[in-house]
Amino acid sequence: MPLPGLLSVLIFFPAVGALALLLLRADDHVWIRRAALTISVVEFIFSLLLLAKVPVTGAGYSLSEFHFWIHFPPINYHLGVDGMSMFLVLLTTFLTPVSVLASWSSISHRVKEFFVMLLLLEVGVVGVFLSLDLFLFFLFWEVMLIPMAFLIGIWGHDRRIYAAIKFVIYTMAGSILMLVGIIWLYNATGTFDLPRIQEMLASGTPLLEPRAEMLLFLAFFVAFAIKVPLFPLHTWLPDAHVEAPTAGSVMLAGVLLKMGTYGMLRFCLPLFPDAAHRAAPWIAILAIIGILYGALVALVQPNLKKLVAYSSVSHLGFVVLGIFAFQSISVQGAVYQMLAHGISTGALFLLVGMLYDRKHTFEISEYGGLATPMPKLAAFFLFVALSSLGLPILNGFVGEYLILIGTYLTNWRWASWAALGVILSACYLLWSYQRVFFGEITHEKNKTLPDISARERTILVTMAVVTLWMGVGSSFITRRTAASSQTVIEQVNPQRLYEGAAPSFKPSPIAGAPDADALAPSAAIARPIVIGHIMDVANGRAAHAGKISTERRASR
Amino acid sequence: MFPTPDDFYRVLPEVLWCGFGTLLMLLQPFFKSRQFFTAVAAIAALAGTACSVVAGAFPGPGFNGLIQSDPYSTFFHLLVGLVAFLVVLAAGPYLDRENLPAAEFYALVLFATAGMGVLAGAQELLTAFVGLEMSSIASYVLAGFRRDSLKSGESALKYFLLGSFATAFFLYGIALVYGATGTTQLDKMFAADPHSSLLKLGFAMILIGLGFKVAAAPFQIWTPDVYEGAPTPVTALFSAGPKAGAFALLLRIFATVPAATHLWFWAFWILAVLTMFAGNLGALVQTNIKRLLAYSSIAHAGYILVAFASVTYLGNNLSDGAGPAYAAILFYLVSYALVKIGAFTIVSQIGGTGEKHLALDDYAGLGQRQPWIAATLSLFLLSLLGLPITAGFFGKLYIFKAAVDSHLIWLAVIMAVNSTIGAYYYFRLIVIMYMREPNAEISAAPLVAFPFSIVVVLVITAIATVALGVAPNPILRFILDPALIGNLR
C-alpha cells in the first residue's frame, strides 16, 4: 500500500487525532487539552512542510494526489496545492492551535466534544482548500458546517441556538444551489475535475451559452457570497460571531470566511470568466456598500464583539472588491488581505474573548479606563487594532493598499469609495479603543481586573509577531502567491493581459538580483509601488497613519 | 398454459413469506415465548430475501406474463425483505413492552411484505392490484394493532377508509386502461395510442391510486395521522416498505408503457412540487417526532417524484439517458428506507411504554445522556438532510443530476429550496438533542434501555448509511447495470 501523500495527511491527521481524543476519559480535562494542543501543533508542523515542498514561483498545482473514488458520476479524490491555497492552509493550521490555547480555561463543560469538533472543523476547512475536484470540494464544504454549528450551538452565549440554526440555514441555502450548479457544470463538461475543466476552457472551446454561464456563475457566487459574507447576505454573521465561543469566532473570522473568497478566486473567476466580467460592476457596488455599511454599523455598535464582526464585513468587502477588479495586483492584494484579516481579526476576537473571560460582557459601556489595571492587554489590543486598520509595517496595510491600487486601475470611483472605508475603519477601531481602554474607570470592579496570564501572553505574542512579520516581510508571501494570482487573472482576462495596467507593473528583472523568484509579475515590485504611490492614492490614509503612530507612541 | 416449475421459482420469495406467515399463525397456540416468534419471523424474512436471488436466477416472465423476474424485481425483493427483517427485529422489544400478541403481528408483516414483493414483480395490472391489496390490508390491521389505544384505532380507520377509496380508483383505472387497450399486461400495451382519452383517464386514476400509497400531495393528508397512531415499528415499515413497492410499480408502469411515459411528465412535475412543499412546510411546525418524520417522508416522496418527472421526460426521447434517472430512484429508496427504519427504531425505544415520550422536547439532552444513540439518530437525520458521507447525500445528488440531465433546472432549484427548508427541522432536532438542557422529569428518568436486537438494527442501518455514503460503487454497479433497464424497456 502506498504511503498517503502530504496533503492527505494534512486533511486527515486532525480526524485521526479527533478519534484519538474520543478514547480519552471525558472528565480528564487536562490531558484532553494537552492532546488537542499536541495534535494541532503537529498538524501545523506538517503544514510547514508545504513551504519547503511547493515551488516558489511555479504556477499550477503541486503535490497532486489522484485516486478514483466513485465511478458514476466519476468523482475522484484529487488534491493539489498552489501558493494561494498553501497559505490559507497554513492560516488554518496556525489558528487551530491558537484556538485550542484560547479555549484552555474558558471551555469547562463538555471539553472533549469541544476539541473533537474543533479538530473536525479543521479537517473540513483544510479539505476545502486542497480539493481540486469540484465534488470533493463541495463535500468538505458541507462537512465543515456541522462542527461549526455545534461549536456555536453548544458552547456559545445566550442566543447560541438561534445563531447556530441561522448559520446552518444560510449556508445550506447557498450550498445546495451550488450543488445544482456543480452538476450542471458536470453535464456541460463531463468531469468534476477542476484542472481538466480549466484545460478545456484554456483550449478556447466555449462550454456554456452566455445565459447558462451567468446562472452557473450565480449559483456558485451566491454560495460563496453568503460565506464571505457579502452585503446583503451578511446578516447571519453578527449573530454567529457574537454567540460563538472565542475559538469559534477565531476560526469563523479567521478561516471560514476565506472559504468564500477562496471559492470566488478558485471557481467563479476561472470557470465563468465572461459572466464574472458582466457581473463585476454589480458585485463591486455590493462590495463597496458592504465596506461602508460594515464600517458605519461598527462605528455605532455598543457591543464590542459585534463591532469586530461588522469590521469583518467591511474588510471582506475589500477582498471581494479586489477580486472583481480583475487586476493581478488587486487579486494579489485580496489574497494577502485574506491572510492578514485572518490574523488580525482572529487576534481581535481573542482579545475580546479575554475581556469577556474577565467581565462576562461585551458591552463597551461596561468597560472604560482598562489601560490602568491591564496595561499589557491594552498594548496588545492597540497593536492589533492598528494592524486591522491598516497601519504601514503591519499586515493589514499591504493587502488593502494593493487592493486599492488595483481597483484604482480598473475604476477610480470604486477605489475612492473604498478608501473611505479605510478611514472609517480607523474611526471605529480607535474610538472603541478609546472607550474601552482610556478615560476614567467608571465601574469599580474594573479596577481589579487581572492583566494577561502567561498562556494569554504566549498567544498574543505569537499573533503580534506574525502580524509584524507579515507587515515587514510581505514579499515572502507575495512571491509565493504571485503565480497563482496571475493564473487567475490570465484565466479571467485571457484577452486583456496587462492591458490597462500602468507600464511600471509589468514584470521587470531587478538589477543585480538574478533570483528567479523576483521575476514573478507584480510580486517583487509590490514594495517599490508602496513607497512610490503612497501619497497619490492613499493620501488620507497616510495622514491617518501618521496620526495613529503618534498616538501609539503617546500611549506607551 | 400450465405453470412450469420455473414459474414457482420466480415467486419463491412471496411463497416463503406467505408460507412462514401462515406457519406462524398455526404455531401460535403452541408457543408462549415472544422471542421464539421473533426468531422464526426474522429467519422467515431473511429466507425470503435470500430466495429473491434464486428468483433472480430465473429471469423472464412467469405465469404467462403475470409477473416478471428481472434484476429490477430482485432489487426490490431484496429491499422489502431487508425492511421486513429489520422491522421484525425492531418490533420484538416493542411487542414485549406493550404486551401485544407476537405471532399475528409477524404474520401480518410477512403478508404485507409478500404483497410488496408482488407489486415489485407484477407485469400485469390485476396482479399488481392483488399485491397492492395484500400489502394494504395487512397494513390496515397493523396500524390498529394497539387495540386499546384510541390513536391506533383512529390511525387504522383513517388508513382503511382512505386506502380503500384509493384502491377503488386504482381498480377503476385498470378497467379503463383495459377498455382502451384490450389488455392488462403492461408489455402488451406497447402499441397503445397515447392520445386516447380513455387511456389517459385510466392512467390518471392509476396515478391517483398509487399517489395515495406513496403519500404524494394532494393525496397525502392521511399520512401524519396514520404514522402517528400506528405502533412505531409499524410506522417504520410503512415509511419504507409499501412506499418502495408502490414506487416500484409506478416506475414499471410509467417507464415501460410508452403511452404512459409520453403523457405524464407534467403530472409528475406538479405532484413533485406539491409534495415537496406539503411535506417540508408541514414538518416545520411539528412538535411530535412521529408526525415530524411523517411529514419528512412526504417530502422525500416529493424528491423521488422529481426523479419520476425526469424519467418520464427522458422517456419521451427514449432509453439511453434515462438509465441514471432510474438508478437515482432505486438508490434513493434504499438510502431512505435504511434511514427511516433506523430513526423510527430509536423513536420507538425512546417512546417507552405506551409511546408516552414522543414530543421533540423529550429528546433534550440526549446527546449527553446517551451519546451513542444521539450520534446514531443525528447520523440518520443528517442523511435525511442530505449531508455528505451519508447515503442520503448521494441519493439527493443522483436526483439532482437526473433533474439537471433532463433540463428540469427549475425543478432542481425548487428541490434545492426544499432541502434548505428541510435543513431547519432536521437540524432543530439535532439542536434539541445536543444543545438543550433536559427538563427535571427527563433528567430524573433512568436511561432508555436498548436491547440487543434493537442494537443490531441500529448497527446495520447506521453502517449501511455510512457505507452507501462513502463507497456507493457496488450498489451503483448493480442498479446501473444496463440489463436492469433493458428488461424494463
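Residues numbered from 1 in each chain as written. Chains lettered and ligands numbered in written order. Predicted model: local features only at pLDDT ≥ 70, side-chain atom pairs only at ≥ 80, totals over all residues. Heavy atoms only, no water.

Caption draft 1: Here's a closer look at the overall build of chain B. Looking only at helices and strands, chain B has 22 helices and two strands in total. What you see for chain B is a C-alpha radius of gyration of 21 Å, in line with the 23 Å of a compact globule of 489 residues. C-alpha atoms of chain B, sized along the principal axes, occupy 70 × 55 × 40 Å. Across the 489 residues that make up chain B, the buried fraction comes to 65%. (Helix = DSSP H or I, 4+ residues; strand = E, 2+ residues; numbered from the N terminus. Rg over C-alpha atoms; globule rule 2.2 N^0.38 Å. Buried < 20%, exposed > 50% of the residue type's maximum accessible area, 1.4 Å probe, protein only.)

Caption draft 2: Broad picture of the overall build of chain A. The helix and strand tally for chain A stands at 22 helices and two strands. Taking all 556 residues of chain A together, 64% fall into the buried category. Long-range pairs, those at least 24 residues apart, make up 81% of the contacts in chain A between residues at least 6 apart in sequence. If you sum the accessible surface of chain A, you get close to 19,100 Å²; carbon and sulfur atoms cover 66% of it. (Contact = heavy atoms within 4.5 Å. Areas by Shrake-Rupley, 256 points an atom, 1.4 Å probe, with all protein chains shown as cover.)

Caption draft 3: Spatial organisation of the nonpolar core. Within the largest apolar cluster, 397 residues are counted, with the highest numbers of intra-cluster contacts made by F167, F217 and F324 of chain A. If you tally residues by element for this core, the top one is helix 14 (residues 323-351) of chain B, at 20 residues. The two domains that each donate at least three residues to this core are domain 1 (1-271) and domain 2 (277-556) of chain A. Once residues within four sequence positions are removed from consideration, F167 of chain A is found in contact with M144, L145, M148, A149, I152, K227, W236, L252 and L256 of chain A. (Core = buried A, V, L, I, M, F, W, Y, C linked by side-chain atoms within 4.5 Å. Domains from an automatic or database assignment.)

Caption draft 4: The interface of chain A and chain B, seen in detail. Between chain A and chain B, the residue contacts involve 33 residues of the former and 36 residues of the latter. Summing the contributions of chain A and of chain B, the shared interface buries around 3,200 Å²; its carbon and sulfur component is 81%. Counting the contacts that link chain A with chain B gives zero salt bridges. Counting the contacts that link chain A with chain B gives five residue pairs in polar contact (both at pLDDT 80 or more). Listed by contribution, the elements that provide at least two residues to the side of chain A that touches chain B are strand 1 (62-70), helix 5 (134-143), helix 6 (145-155) and helix 7 (160-189) of chain A. Considering every element that reaches the side of chain A that touches chain B, the biggest residue donor is helix 7 of chain A, with 16 residues. The residue makeup of the side of chain A that touches chain B, split by class, is 27 nonpolar, three polar and three charged. (Buried area = accessible area lost by both parts, 1.4 Å probe. Salt bridge = Lys/Arg side-chain N within 4 Å of Asp/Glu carboxyl O. Polar contact = N/O pair within 3.5 Å; in protein donor to acceptor, adjacent residues only side chain to side chain. Nonpolar A, V, L, I, M, F, W, Y, C, P; charged D, E, K, R; others polar.)

Caption draft 5: Structural view of the domain arrangement of chain A. All names here are of chain A. On domain assignment, one finds that chain A holds domain 1 (1-271) and domain 2 (277-556). Taken together, the contacts link 52 residues of domain 1 with 55 residues of domain 2. When domain 1 packs against domain 2, close to 4,600 Å² is buried across both sides, 79% of that on carbon and sulfur atoms. Remark: the boundary between domain 1 and domain 2 carries zero salt bridges. For the interface between domain 1 and domain 2, the tally reads nine residue pairs in polar contact (both at pLDDT 80 or more). Looking at which element gives the most residues to the side of domain 1 that touches domain 2, the answer is helix 11 (residues 246-271), with 13 residues. Of the residues contributing to the side of domain 1 that touches domain 2, the split by class is 36 nonpolar, 13 polar and three charged.

Caption draft 6: Representation of the state of the cysteines in the model. Residues and elements named next belong to chain B. Summed over all chains, the structure comprises zero disulfides over all chains. Between C51, a cysteine without a disulfide, and C18, which holds the nearest cysteine sulfur, the sulfur-to-sulfur distance is 13 Å. According to the relative accessible area criterion, C51 is buried, its value standing at 14%. (Disulfide = S-S within 2.5 Å.)

Caption draft 7: Structural context of the pairing of strand 2 (residues 75-81) of chain A. Residues and elements named next belong to chain A. The element strand 2 is extensively covered by neighbouring structure, given that seven of its seven residues are classed as buried. Of the two faces of strand 2, the one holding I75, Y77, L79 and V81 and the one holding N76, H78 and G80 are both buried throughout. Remark: four residues form the turn of the hairpin made by strand 1 and strand 2, two consecutive strands paired antiparallel. (Pairing = 2+ DSSP bridges.)

Caption draft 8: Main features of a nonpolar patch on the surface. A contiguous nonpolar patch, built from L157, F160, L161 and L162 of chain B and spanning about 380 Å² of accessible area, is present on the exposed surface. Its relative accessible area of 51% is what places L157 of chain B among the exposed residues. (Patch = residues over 30% accessible without salt bridge, like charges linked within 9 Å, V, L, I, M, F, W, Y side chains within 5 Å.)

Caption draft 9: View of the side chain of D7 of chain B. All names here are of chain B. Topologically, D7 is positioned in helix 1 (residues 5-10). We classify D7 as buried; its relative accessible area is 7%. When residues no more than four places from it in sequence are discounted, the contact partners of D7 are P61, G62 and F63.

Caption draft 10: Expanded view of the packing of helix 3 (residues 83-102) of chain A against helix 4 (residues 111-130) of chain A. All names here are of chain A. With their axes 9 Å apart at the nearest point, helix 3 and helix 4 run at an angle of 175° to one another. With respect to their mutual orientation, helix 3 and helix 4 come out roughly antiparallel. Between helix 3 and helix 4, the residues in contact are S85, L88, V89, T92, T93, T96, S99 and V100 and F115, L118, E122, V125, V126, F129 and L130, respectively. Of the residues assigned to the contact of helix 3 with helix 4, the class counts are nine nonpolar, five polar and one charged. (Axes fitted to C-alpha atoms, helices over the stretch in contact; angles between N-to-C directions. Parallel < 35°, antiparallel > 145°, perpendicular 65-115°, else oblique.)

Caption draft 11: Representation of the side chain of S484 of chain A. Relative to the helices and strands, S484 of chain A is located in helix 19 (residues 474-492). With residues up to four places along the chain from it excluded, the contact list for S484 of chain A reads D82, G83 and M84 of chain A.

Caption draft 12: Representation of unusual backbone geometry. Residue P229 of chain A is reached from V228 of chain A by a cis peptide bond, and omega for that bond is -10°. Checked against the element boundaries, P229 of chain A lands in the loop between helix 9 (210-227) and helix 10 (236-243). With omega at 5°, the peptide bond leading from A217 of chain B into P218 of chain B counts as cis. Tracing the backbone shows P218 of chain B in the loop between helix 8 (197-213) and helix 9 (222-229). At N99 of chain B, a residue that is not glycine, the phi angle is positive and equals roughly 55°. Position of N99 of chain B among the secondary structure elements: in the loop between helix 4 (71-98) and helix 5 (102-121).

Caption draft 13: Structural context of the environment of P392 of chain A. Residue placement: P392 of chain A occurs in the loop between helix 15 (375-389) and helix 16 (395-410). It is 36 Å that separates the C-alpha atoms of P392 of chain A and P14 of chain A, two residues lying 378 residues apart in sequence.

Caption draft 14: How the structure looks around the packing of aromatic side chains. Enumeration over the complete set of coordinates arrives at 62 aromatic pairs over all chains. Relative to F224 of chain A, the ring of F137 of chain A lies with its centre 6.1 Å away and its plane at 75°, an arrangement referred to as edge-to-face. Of the two residues, F137 of chain A is situated in helix 5 and F224 of chain A in helix 9; the sequence distance between them amounts to 87 residues. Owing to a relative accessible area of 0%, F137 of chain A belongs among the buried residues under this scheme. A relative accessible area of 0% means that F224 of chain A is categorised as buried. Measuring from centroid to centroid gives 5.2 Å for Y140 of chain B and Y159 of chain B, while their planes differ by 90°, and the two rings are edge-to-face. (Phe/Tyr/Trp six-rings, centres within 6.5 Å; stacked < 30°, edge-to-face > 60°.)

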